[in-house]
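Now for the letters of each chain:
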Amino acid sequence: MSETATSPFAFLRKWFRRPAKKSSGPSAPDDAAKEMQRLINIIDSRTERHAVAVSSLKGGVTKTTTTLGMGTAFALHRREPVLAIDANPHRGNLADRLGVNPAYTVRDLAFNAPQIATNSMFRHFVAQAPSRLEVMTSESNPDEAQAFDASEYGIVIDLASRFRELLITDTGIDLTLPLMDEVYKPPDTLVVPATTAMDAAQLAWETLNWWESKGRGDLVERAVVAITQIEAFTIPKTATWTQ
């Protein structure tokens, strides 16, 4: 799908790459409200089915946080359901972070795919957060999670694309697994999370190189690098410990 200046994915690039302008004066609240409504209208603009991959070669760089933040923004302001898929074969925590407890996993969906013919049947396999963001979770059992392969992921994506217009995949961190041979094919947009840590730029660069090596240079050219500022944290002294 070609992206226009008013597509929700063009909004992503503006959101992540351009710092917010500070305004002052009596009209500042009105201006802020108008700008927020304008952005909401962009998020809710009509688009064809679209798949977003949130990917990094390393954990701890706000990959799941970025997935949740982006997915929540879309879910709150788009009219159709938004589905986040946890493709992490190493016990992803996407559902845990959303505070939901899905009854089924991606493997359950893949196994039952031939019987799923309607949207109501598909909804049995996803959980929904209060924000309306839907999530499809990975296996909690490490052996089962490792067994989730590329063909099963392909089945899940094909089926999800029939019933959902916007898919966001949290890819996990081990991009060398056979599963990833299928993960890199569907996305139309690539989001690479990064932090302000010293090695973050190098890690983001390596992640982009990996996607390019898989023949997805088209995604790399239009990729969004979402940078999260890391601030020092000190536990406050609120009590005096005594023996």
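Counting starts from 1 at the beginning of each chain's written sequence and moves along it residue by residue. Given that this is a predicted model, residues contribute local features only at a pLDDT of at least 70 and side-chain atom pairs are listed and counted only at 80 or more, while totals for whole chains, interfaces and linings are drawn from all residues. The side-chain numbers reported here are obtained from all heavy atoms of the structure, hydrogens and water having been left aside.

Asks: Outline the sheet that holds strand β4 (residues 133–136), supporting the account with residue identities and numerical values.
Replies: Strand order in the open sheet formed by 7 strands is β3-β4-β2-β5-β1-β6-β7, with mixed pairing between adjacent strands. Every interior strand has two partners, whereas the edge strands, β3 (127–128) and β7 (224–228), have only one. Across the sheet, helix α3 (residues 63–77) is in contact with β1 (50–54), β2 (82–86), β4, β5 (166–170), β6 (189–195) and β7; its angle to β5 comes to roughly 165 degrees. A contact between two residues is defined here by any heavy atoms of the two lying within 4.5 Å. Throughout, an axis means a line fitted to C-alpha atoms (over the contacting stretch in the case of helices), and angles, computed between N-to-C directions, take values from 0 to 180 degrees. Counting from the N terminus, the helices are DSSP H or I runs at least four residues long and the strands are E runs at least two residues long. Across the sheet, helix α8 (residues 150–163) is in contact with β2, β4 and β5; its angle to β5 comes to roughly 155 degrees. Pairing between two strands requires that DSSP report at least two bridges joining them.

Asks: Provide a residue-level description of the nonpolar core, including the pertinent values.
Replies: With 34 residues, the main nonpolar core has Leu 83, Leu 109, Phe 122, Met 136, Leu 190 and Trp 211 as its most contacted residues. At the level of secondary structure, the elements contributing two or more residues to this core comprise β2, α5 (106–112), α8, α9 (180–183), β6 and α10 (200–213). The element best represented in this core is α8, accounting for 6 residues. Beyond its immediate chain neighbours, meaning those up to four positions away, Leu 83 contacts Phe 122, Val 126, Glu 134, Val 135, Met 136, Ala 160, Arg 164, Leu 166, Leu 167 and Ile 168. In plain words, nonpolar cores are sets of buried Ala, Val, Leu, Ile, Met, Phe, Trp, Tyr and Cys residues tied together by side-chain atoms within 4.5 Å. Only protein chains enter the calculation, and the probe is 1.4 Å; a residue is then buried if its accessible area is under 20% of its type maximum, exposed if over 50%, and partly exposed in between. In this structure, Ala 84, Ala 95, Val 135 and Val 224 belong to the second largest nonpolar core, which totals 22 residues.

Asks: Tell me about helix α2 (residues 28–43), residues and numbers included.
Replies: To estimate how far a helix should extend, the number of its residues minus one is multiplied by 1.5 Å. Helix length check: α2 (16 residues) gives 22 Å between terminal C-alpha atoms against 22 Å at 1.5 Å per residue, within 8%. Where α2 is concerned, the buried positions are Ala 28, Leu 39, Ile 40, Ile 42 and Ile 43. With its buried residues spanning 155 degrees around the axis, α2 presents them on a single face. This arc describes the spread of directions from the helix axis toward the C-beta atoms.

Asks: Describe the side chain of Thr 189, listing the residues and the values that go with them.
Replies: With respect to the helices and strands, Thr 189 occurs in strand β6. For Thr 189, a relative accessible area of 1% gives the class buried. One polar contact links Thr 189 to His 50, side chain to side chain, over a distance of 2.7 Å. Counting of polar contacts relies on pairs of N or O atoms within 3.5 Å, with two restrictions inside protein: one atom must be capable of donating a hydrogen and the other of accepting it, and residues adjacent in sequence are counted only when both atoms are side-chain atoms.

Asks: An account of the pairing of β1 is needed here, citing residue identities and associated values.
Replies: A large share of β1 lies buried, amounting to 5 of its 5 residues. Covered by surrounding structure in β1 are His 50, Val 52 and Val 54 together with Ala 51 and Ala 53, the residues of both alternating faces. One ladder, built from 5 bridges, connects β1 with β5; its direction is parallel. Its bridge partner lying in β5, Ala 53 is registered against Thr 169. Sheet topology places β1 next to β6; 3 bridges connect them, and they run parallel. Across the sheet, Val 52 pairs through a bridge with Thr 189, a residue of β6.

Asks: Can you explain the packing of aromatic side chains? Please cite residues and give values.
Replies: By convention, a stacked pair of Phe, Tyr or Trp rings (six-membered ring in the case of Trp) has centres within 6.5 Å and planes under 30 degrees apart, an edge-to-face pair has planes over 60 apart, and any other such pair is tilted. Taken as a whole, this structure holds 3 aromatic pairs when the rule is applied. Centroid distance Trp 210 to Trp 211: 5.5 Å. Interplanar angle 80 degrees. Geometry classified as edge-to-face. Taking relative accessible area as the criterion, Trp 210 reaches 14% and is therefore assigned buried. Trp 211 gets classed as buried once you look at its relative accessible area, which sits at 0%.

Asks: Account for the confidence of the model for the chain, with residues named and values stated.
Replies: Residues shown with low pLDDT carry predicted positions that ought not to be read at fine detail. pLDDT runs from 0 to 100 and stands for how confident the predictor is about each residue. Here the chain averages 78 in pLDDT, while 77% of its residues score no lower than 70. Here helix α1 (residues 8–17) is the element of the chain with the lowest mean pLDDT, 47, and helix α6 (residues 119–123) is the one with the highest, 93. Every residue in residues 1–6 is under pLDDT 50, and counting partners more than four places away or in other chains gives 16 contacts.

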